[in-house]
Amino acid sequence: MSNEEKLLNNEKISTTFEVAQLVTKMLILYSVYIRLQQITNNYNNNLIQVKNHGDA
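Residues numbered from 1 in each chain as written. Predicted model: local features only at pLDDT ≥ 70, side-chain atom pairs only at ≥ 80, totals over all residues. Heavy atoms only, no water.

(A) Structural detail: the overall build of the protein. On a plain count of helices and strands, the protein comes out with one helix and zero strands. The C-alpha radius of gyration of the protein comes to 24 Å, more than 25% above the 10 Å expected for a compact globule of 56 residues. Taking the principal axes of the C-alpha coordinates as reference, the protein spans close to 80 × 10 × 5 Å. Within the protein, the proportion of its 56 residues that are buried is 0%. Taking the average place of the 5 positive charges on the side chains of the protein and the average place of its 5 negative ones, the gap between the two points comes to 11 Å. (Helix = DSSP H or I, 4+ residues; strand = E, 2+ residues; numbered from the N terminus. Rg over C-alpha atoms; globule rule 2.2 N^0.38 Å. Buried < 20%, exposed > 50% of the residue type's maximum accessible area, 1.4 Å probe, protein only. Lys, Arg positive; Asp, Glu negative; His and termini not counted. Charge placed at Lys NZ, Arg CZ, Asp CG, Glu CD.)

(B) Focus on the environment of Leu8. One can find Leu8 in helix H1 (residues 3-55). Along the sequence, Leu8 and Asn46 sit 38 residues apart, while their C-alpha atoms lie 57 Å from each other.

Laid out in structure tokens, this is it:
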């Protein structure tokens, strides 16, 4: 394997690693987004329950 081939192979490995890091970051952000949605839905449901009990 020539030096050029080794360099090209290293480039491919580092690019793959960068893509994997990016995907990991996106998954983390997506899980945070879903968690925030759950918290918001829970909060809204609690508000609705409080409002309904107030009307009763």
